[in-house]
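# Survey of secondary and tertiary structure
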Amino acid sequence: MLTGLKNAFRIKDLREKILFTIAMLVVYRIGAHVPVPGIPFGEMVDLFSGDNSVAAGAMSLLNLFSGGALSYVSVFSLGIMPYITSSIILQMLQSVVPSLHELAREGEVGQTKITQYSRYLTLALALLNSIGYLFLFKGYGINFNGAGAPEIIFDILIVGTLTAGAMLIMWIGELITQRGIGNGMSLIIFANIMAGLPAAIVSSAAEGTMGIVITAVIFVVILCVIPLIVYLERGQRRIPVQYAKRVVGRRMMGGQSTYLPIKVNTAGVVPIIFASALLYFPAQLAVFFPGIGWVQAVAGALASGWINWILNVVLIVFFAYFYTSMVFNPDETADNLKKQGGFIPGVRPGKATAAYIKNALNKITLPSAIFLALIAIVPSIVFSFTGNQLIQSFGGTSVLIMVGVVLDTLAKVESQLKMYDYDGFFK
């Protein structure tokens, strides 16, 4: 590992990408601590630290995904979720809207247009969220004013600042993806999780001897789970492929045996992120109706409790299949094999090969999706009985996202190192 890091900094292009990524994440964390003008800090602390039902339910979920930025209404209070929500909507629309589906198959030009649509949708969602937060905080008696200016001036300033902050986060994420290493969206979520970890550890250990014991047990369990997650992320189902011999010019090509690698967890951490985003969406809607009890109750129920657990399992399994079908098309794979003269031994080329690959994909997707679901909900169930903040902040979902992001980032750095004939991280 240390040798891989040393080699990564020897390559100028890779070193610049790593340093650029770190710089962008630092900028993001600085923005998460820059408050919006006119914020009454005392009232905001009371809202999130008291026994308020909103803060205990839906608002705690919103604050978690913003890396704690929402609790003091910083410039980046909306976090990355508007961008994730817009990405989910557009990816689902690609399956039902023919024009978007064709656009996605046009390569780089089509993806550029879809990215532009995602930006517009992110702007609309960020604007709605900003207005919703303004009404929410006012509904709980928090007034934003100062310097004797009219209240409407501060309302416009807050909405504009929060919306601009969300768009700036989107821009930072895209810059990291284009000019840095790894997926910018995933790295920002990773930074949010890590930002809340020290405070969660201190809060857990401060509960006395029992708190220290629970903290130690949590870390032991995490250390035991991480190898299982790595095993799942690196696992492959290898389908044997044989290439027929053919004459190209004066040379005999083909005839070799190889395999078609299919990742056991093809969807990665995306199902958990998408499921969390959808369960987070009712909490977004609830901010528009702070005075309606049943709306807040529904948002709180979806944010925690047995309803949240059941929906989490269902949504994670659904998105595991959905996203796998988006990134891996058995029909296209079978067609490409046929064009290249490849075939699976004992399986006819064409539709039979596509059906064989699809069946193999379904068999490995279900157990991996169930594993993801268990990793996501078991810590939530334990938290409901113990109330330990470390379990909530650094539970199975957080560990899975962090491990998945780290492995994905290392894989990208690994590929860069291999290009320059350096040894990578994975031996």
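Remember, predicted model here, so these are calculated numbers, not experimental data.

What follows deals with the overall build of the protein chain. The secondary structure content of the protein chain amounts to 18 helices and five strands. Taken across its 427 residues, the protein chain has 47% of its residues classed as buried. Of the contacts made within the protein chain by residues no fewer than 6 positions apart, 72% connect residues no fewer than 24 positions apart. Accessible surface, the protein chain: about 21300 Å² in total, of which carbon and sulfur atoms supply 66%.

With 80% of its residues at a pLDDT of 70 or more, the protein chain shows a mean pLDDT of 78. This stretch, residues 51-57, has a pLDDT under 50; its non-local contacts, to residues over four places away or in other chains, come to eleven contacts.

Here we come to the packing of helix α14 (residues 306-327) against helix α16 (residues 351-386). Running from N to C, α14 and α16 cross one another at 150 degrees; their axes reach a closest spacing of 9 Å. Here α16 runs roughly antiparallel to α14, going by the angle between their axes. As for the relative orientation of α14 and α16, their crossing is right-handed in sense. Across the interface between the two elements, Trp309, Asn312, Val313, Ile316, Val317, Ala320, Tyr321 and Thr324 from α14 touch Leu361, Asn362, Thr365, Leu366, Ala369, Leu372, Ala373, Ala376, Ile377, Ser380, Ile381 and Ser384 from α16.

By convention here, two paired aromatic rings are described through the distance between centres and the angle between planes. Enumeration over the complete set of coordinates arrives at four aromatic pairs. Judged by centre distance (5.2 Å) and plane angle (65 degrees), the rings of Phe318 and Phe319 are edge-to-face. Its relative accessible area of 1% is what places Phe319 among the buried residues. A centroid spacing of 5.9 Å and a plane angle of 15 degrees characterise the contact between Phe318 and Phe322, whose relative ring orientation is stacked. On the criterion of helical spacing, the pair formed by Phe318 and Phe322 is a turn pair, its members being four residues apart in helix α14. The class of Phe322 is buried, set by a relative accessible area of 12%. Taken together, the ring pairs in this structure connect Phe318, Phe319 and Phe322 into an aromatic cluster.

Further remarks concern the sheet that holds strand β5 (residues 342-343). Reading across from one edge, β4-β1-β5 is the order of the three strands in this open sheet, with antiparallel pairing throughout. Of all the strands in the sheet, just β4 (257-263) and β5 have a single pairing partner and so form its edges. In terms of strand pairing, strand β1 (residues 236-243) meets β5 through two bridges, oriented antiparallel. Directly across from Gln242, in β5, lies its bridge partner Phe343.

Turning our attention to the side chain of Ser130. With respect to the element layout, Ser130 can be found in helix α8 (residues 108-139). Classification of Ser130 as buried rests on a relative accessible area of 0%. Here the side chain of Ser130 touches Thr163 through a polar contact of 3.1 Å, side chain to side chain. Apart from residues lying up to four places away in sequence, Ser130 is in contact with Leu78, Val159, Leu162 and Thr163.

The next subject is helix α2 (residues 12-31). If you check α2, its first and last C-alpha atoms are 28 Å apart, about what 20 residues at 1.5 Å a residue would give, namely 28 Å. Within α2 the residues assigned to the buried category are Leu14, Ile18, Phe20, Thr21, Met24, Leu25, Tyr28, Arg29 and Gly31.

Here we come to the side chain of Ser86. The topology assignment puts Ser86 in helix α6 (residues 81-96). We classify Ser86 as buried; its relative accessible area is 0%. The contacts of Ser86, once residues within four sequence positions are left out, are Ser118, Leu121, Thr122 and Leu125.

A few words now on the pairing of β1. Pairing geometry for β1 and β4, over seven bridges, is antiparallel. Bridging across to β4, Pro240 finds its partner in Tyr259.

This next bit is on the pattern of salt bridges. Scanning the model with the defined rule gives three salt bridges in all. Between Glu174 and Arg119 there is a salt bridge, with its nearest N and O atoms 2.9 Å apart. Of the two residues, Glu174 is situated in helix α9 (residues 151-179) and Arg119 in helix α8; the sequence distance between them amounts to 55 residues. Two residues, Asp408 and Lys412, come together in a salt bridge whose shortest N-O distance is 3.1 Å. You can see Asp408 and its partner Lys412 sitting in helix α18 (residues 396-419), four residues apart, about one turn around the helix.

So, on to the packing of helix α10 (residues 184-205) against α18. At a closest axis distance of 10 Å, the pairing of α10 and α18 adopts a crossing angle of 135 degrees. Taken as axis vectors, α10 and α18 run oblique relative to one another. When the axes of α10 and α18 are compared, the crossing they make is left-handed. Here Ser186, Leu187, Ile189, Phe190, Ile193 and Met194 of α10 come into contact with α18, specifically with Ser398, Ile401, Met402, Val405, Val406 and Thr409. Here the residues of the contact of α10 with α18 are counted per class, giving nine nonpolar, three polar and no charged.

One broad rule of soluble globular proteins: the nonpolar side chains tend to lie buried together. Counting 73 residues, the largest nonpolar core has Ile80, Ile84, Ile189, Phe274, Phe394 and Ile401 as its most contacted members. The element that contributes the greatest number of residues to this core is α9, accounting for nine residues. Not counting residues within four places of it along the chain, the set of residues in contact with Ile401 comprises Ile189, Ile193, Val269, Ile272 and Ile273. Core analysis: the second largest hydrophobic core is formed by 13 residues, Ile239, Leu260, Leu337 and Ile364 among them.

Cut-offs and rules
Residues numbered from 1 in each chain as written. Predicted model: local features only at pLDDT ≥ 70, side-chain atom pairs only at ≥ 80, totals over all residues. Heavy atoms only, no water. Helix = DSSP H or I, 4+ residues; strand = E, 2+ residues; numbered from the N terminus. Buried < 20%, exposed > 50% of the residue type's maximum accessible area, 1.4 Å probe, protein only. Contact = heavy atoms within 4.5 Å. Areas by Shrake-Rupley, 256 points an atom, 1.4 Å probe, with all protein chains shown as cover. pLDDT = per-residue confidence, 0-100. Axes fitted to C-alpha atoms, helices over the stretch in contact; angles between N-to-C directions. Parallel < 35°, antiparallel > 145°, perpendicular 65-115°, else oblique. Left-handed = near helix turned anticlockwise from the far one by under 90°. Phe/Tyr/Trp six-rings, centres within 6.5 Å; stacked < 30°, edge-to-face > 60°. Pairing = 2+ DSSP bridges. Polar contact = N/O pair within 3.5 Å; in protein donor to acceptor, adjacent residues only side chain to side chain. Expected span 1.5 Å × (residues − 1). Salt bridge = Lys/Arg side-chain N within 4 Å of Asp/Glu carboxyl O. Nonpolar A, V, L, I, M, F, W, Y, C, P; charged D, E, K, R; others polar. Core = buried A, V, L, I, M, F, W, Y, C linked by side-chain atoms within 4.5 Å.

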